[in-house]
Amino acid sequence: MKLSSSIIPMSSAILGFAGTVSGFSSLASVCKRPSSTTLIAERPFTSSQIYQYATAPEGLVNVADIWSERDVYSMELWATQYGMQKADGVELYSEDGGNDYSLMTNSGLAAGETVLWVPASIVINSASVEQEFGVGCLQEVEAVLIQVDEFAAMKGKNVDSFYRLPLFRLMVRILAEWEKGQDSLYFPWLNSLPRQFYNGSSMTKRCFECLPPYAGWVASNERINYGHFNMALKQGYVPLNPETINNREAVKWAYNVALTRYQEVWNPERAKLIAPMADMLNHAAEPNCEITFDYEGNCQVTALYDIPAGSPLTISYGDPTNPTPIFAQYGFLPLDCATIFCKAMHLEKQISELGYEFSELLFQTETGEIAPKVWDVFLYDLLQKSDPGSAQQFCIACQNGDEDTKQYYNDQYYAYTLDALKQHVYGILNDAERLTKRAQSYDLDSHPRVPVIVAHNNLVTQTFGMTAALLEQMG
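A.B. asks: How would you explain the overall build of the protein chain if you had to name every residue and give the values?
C.D. replies: Helix and strand counts for the protein chain stand at 18 helices and 13 strands. Taking all contacts inside the protein chain whose residues are at least 6 apart in sequence as the whole, residues at least 24 apart take part in 73%. Entry remark: accessible area of the protein chain is about 21400 Å², with carbon and sulfur atoms responsible for 51%.

In C-alpha cells form, the structure reads like this:
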C-alpha cells in the first residue's frame, strides 16, 4: 500500500537539469528516424541497421572517473518529486565515506509496515523497454545475442539467452538514458551510482587466475556474459549513437548497473526491474525487508518483522548458503554467510548424476562441518572407479532418498571416502594459499579487485582449515 506522506514539489533547477524534465521521453522516434548526417560503424552499413547519431548532450555522467562523488541526496529529492515515499526515519547512509550507500531506519518499524514505495513511472522495467523504444526495435540485436549464446553453448559454455534477454534490455535502456546526459529523466539516479565495480564481469584474466576453480568458474561466466552482450551491441541494431556503442567504459558500466541492481518478477510476465532508491538496499543472509512489485510495476519494500531504530535495512541478494555467486555477481563477500560450497568442481558430472545441487554440498564456515551429501558425491566417484555395479545401486539410492542403502555403502567404504575427502580438502588449502600469494603480488592500482579476491580466499582457507581438523579427528 502506498504511504500517506505528501510528495515534495521541487523545481528542476534544484536537480541541476538543463531545462524542465517531463516524464518519460519517447524513444520510439529515436528508433524510427535514422540521422541523415554523420553515421559511424565498425562494419559495412546495411539498411536494417539503426545506428542513429545525435550530438551528445552536455553533462554526461563521467563513468570513467572512478573517484566521482555519488550524488545520492539529489537522487533522493528527484525520486521524491516523482512520487517515491518512505516511512519516517528511513535514511540513506554510508559507512565508508561515500563509496557505498545503503538505507537504515532511525525509527522503529513494525512487521508488515511499508518501508518504501516507488511508483512505476520511474521504475525501469525490461518488459516495457521494447514498447518504449518501438515494437521490434530490439528484435534483430536480440537475435544476434541468441546466436552468440548458442554458439558458445556448442562449445560447452554455460549460457541461457532466455534468462538474460531482460538484462540486456535493461542495459540498453540505461545506455539510452546515459547518452542523453542531463536531458534524461534519470540523470539524478545515474549520477548517484557507483563508477567502479568489483564483480566477475569487471575482473581480468589475472584475477581469475587467483581464485579457486569454482569461484573462478562462476566469476568468469559473468565476464563471458558481458562479452556476449558487448558483441551483440556492436552489431548496431540498437537505438544508440555509435559513440555510445563504442564507449567501452560506458557499456561495461551500464551492464554492471543492470546486473547489480535489478529485481526479478515472474507475474504478470517474466521481467527484470530497477526501482531507484529501493536499489540502495544492501544484502543480508537474514534480511529484514523484502521487495515486491504489483502488476502495474509499482515497487513496495516491506518490513518482514519488527525492526528496531538504528538498524540497516536489508534484502537478500541470493542464496545465503553459497556466497560465491553473490561474490561473482555483486563483487563483495557476504560477512554473515554460514556455509560455502565444498569446491568439488572436478566432480560436477557425479553431482549431476546423483541429482544434487551445488547449494547442497556445503561446509559450515563456523565449524567446518561437512554436509552429508558431500560424502555421497565422493563415495559415488570412488565406486564408479572401483565397482560400477555398486555405483549404480548407490546412485539410485541417492536419487530415491533410500537412506538405508546409502548408509550401508557409506559404512562399507568409510575409510576410502574419508581419505578422498582429506586429499580434496588439503588440495584446496594448498591452492588457496598459493592463489592468495599470487593475488597479493599484484599492484593494487592496476588490480583494485585484489582485496575482495583475497577476502574470498581467506574465507576458503579458514573454513577448509576447520574441515581438515575435523577429518583428522575422524581417522
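A.B. asks: Could you give an account of the pairing of strand E10 (residues 299-303), naming the residues involved and the relevant values?
C.D. replies: When you tally the buried positions in E10, you get 5 out of 5 residues, the bulk of the element. What you see with E10 is no split at all: Cys299, Val301 and Ala303 on one side and Gln300 and Thr302 on the other are buried throughout. Pairing of strand E4 (residues 114-118) with E10 involves 4 bridges; the strand directions are antiparallel. Residue pairing in the sheet places Leu116 in a bridge with Val301 of E10. Pairing geometry for strand E9 (residues 289-293) and E10, over 5 bridges, is antiparallel. Note on E10: the bridge partner recorded for Thr292 is Gln300. Linkage of E9 to E10, two consecutive antiparallel strands, is achieved through a turn of 5 residues, within which Gly297 is found at a positive phi near 95°.

A.B. asks: Explain the packing of helix H9 (residues 213-233) against helix H12 (residues 323-330) to me, using residue names and the numbers behind them.
C.D. replies: Running from amino to carboxyl end, H9 crosses H12 at an angle of 35°, the nearest separation of the two axes being 9 Å. As for how H9 packs across H12, the hand of that crossing is right-handed. Here Tyr214, Ala215, Val218, Ala219 and Glu222 of H9 come into contact with H12, specifically with Thr324, Pro325, Ala328 and Gln329. Taken together, the residues of the contact of H9 with H12 break down into 6 nonpolar, 2 polar and 1 charged.

A.B. asks: Let's hear about the pattern of salt bridges: which residues, and what values?
C.D. replies: Scanning all chains against the criterion turns up 16 salt bridges. In this structure, Lys180 and Glu177 form a salt bridge, with 3.3 Å as the shortest nitrogen-oxygen distance. By the burial criterion, Lys180 is buried, and Glu177 matches it. Glu353 is paired through a salt bridge with Lys349; the nearest N and O atoms lie 2.5 Å apart. Placement of the pair is Glu353 and Lys349 together in helix H13 (residues 348-354), with a separation of 4 residues, close to one helical turn. Among the residues examined, Lys349 registers a relative accessible area of 53% and is labelled exposed.

A.B. asks: Run through the pairing of strand E11 (residues 311-315), naming residues and quoting values.
C.D. replies: Among the 5 residues that make up E11, 4 are buried, leaving the element largely enclosed by the rest of the structure. The sheet contact formed by strand E8 (residues 282-283) and E11 spans 2 bridges and is parallel. Paired with Asn282 across the two strands is Thr314, which belongs to E11.

A.B. asks: Which residues make up the packing of aromatic side chains, and what are the values?
C.D. replies: Taken as a whole and judged by the stated rule, the model has 20 aromatic pairs. With a centroid separation of 6.4 Å and an interplanar angle of 50°, the aromatic rings of Tyr330 and Phe332 are classed as tilted. The class of Phe332 is partly exposed, set by a relative accessible area of 27%. Three or more aromatic residues link up through ring pairs in this structure, and these residues are Trp78, Tyr82, Tyr186 and Trp189. If you follow Arg206 out to its NZ or CZ, it ends over the ring of Tyr442, 4.1 Å from the centre. The ring of Tyr262 carries Lys272 above its face, with NZ or CZ at 5.0 Å from the centroid.

A.B. asks: Talk me through the sheet that holds strand E6 (residues 263-265); I want residue IDs and the actual numbers.
C.D. replies: Sheet architecture is open: 3 strands sit in the order E5-E7-E6, paired in antiparallel fashion. Here the strands that pair on one side only, and so sit at the sheet edges, are strand E5 (124-125) and E6.

A.B. asks: Report on helix H16 (residues 403-412), specifying residues and quantitative values.
C.D. replies: Among the residues of H16, those classed as buried are Lys406, Tyr409 and Asn410. Along the axis of H16, the buried positions cluster into a sector of 100°, meaning they face one direction only. Across from the buried face of H16, at angles greater than 90 degrees, the exposed residues are Asp404, Asp411 and Gln412. Buried residues belonging to H16 abut helix H14 (372-386), helix H15 (388-400) and helix H17 (414-440).

A.B. asks: Tell me about the environment of Met280, and please be specific about residues and values.
C.D. replies: Relative to the helices and strands, Met280 resides in the loop between strand E7 (271-274) and E8. Residue Met280 is classed as buried on the basis of its relative accessible area, which comes to 1%. With residues up to four places along the chain from it excluded, the contact list for Met280 reads Arg70, Val72, Met75, Leu92, Tyr101, Ser102, Leu103, Ser192 and Arg261.

A.B. asks: Account for the nonpolar core, with residues named and values stated.
C.D. replies: Counting residues in each nonpolar core, the largest one holds 84 residues, and the members touching the most others are Trp189, Leu233 and Trp253. Looking at which element gives the most residues to this core, the answer is helix H6 (residues 161-178), with 10 residues. With residues up to four places along the chain from it excluded, the contact list for Trp253 reads Val63, Ile174, Trp178, Leu190, Leu193, Pro194, Arg195 and Phe197. Counting 57 residues, the second-largest nonpolar core is a separate cluster that includes Phe378, Val425, Leu459 and Phe464.

A.B. asks: Would you mind going over the confidence of the model for the protein chain in detail, with residue names and values included?
C.D. replies: When pLDDT is low, close inspection of the predicted coordinates is not appropriate. With 85% of its residues at a pLDDT of 70 or more, the protein chain shows a mean pLDDT of 85. Note on residues 4-57: pLDDT is under 50 here. Beyond four places in sequence and across chains, it has 109 contacts.

What counts, and at which threshold
- Residues numbered from 1 in each chain as written.
- Predicted model: local features only at pLDDT ≥ 70, side-chain atom pairs only at ≥ 80, totals over all residues.
- Heavy atoms only, no water.
- Helix = DSSP H or I, 4+ residues; strand = E, 2+ residues; numbered from the N terminus.
- Contact = heavy atoms within 4.5 Å.
- Areas by Shrake-Rupley, 256 points an atom, 1.4 Å probe, with all protein chains shown as cover.
- Buried < 20%, exposed > 50% of the residue type's maximum accessible area, 1.4 Å probe, protein only.
- Pairing = 2+ DSSP bridges.
- Axes fitted to C-alpha atoms, helices over the stretch in contact; angles between N-to-C directions.
- Left-handed = near helix turned anticlockwise from the far one by under 90°.
- Nonpolar A, V, L, I, M, F, W, Y, C, P; charged D, E, K, R; others polar.
- Salt bridge = Lys/Arg side-chain N within 4 Å of Asp/Glu carboxyl O.
- Phe/Tyr/Trp six-rings, centres within 6.5 Å; stacked < 30°, edge-to-face > 60°.
- Lys NZ or Arg CZ within 6 Å of the ring centre and 35° of its normal.
- Arc of directions from axis to C-beta.
- Core = buried A, V, L, I, M, F, W, Y, C linked by side-chain atoms within 4.5 Å.
- pLDDT = per-residue confidence, 0-100.

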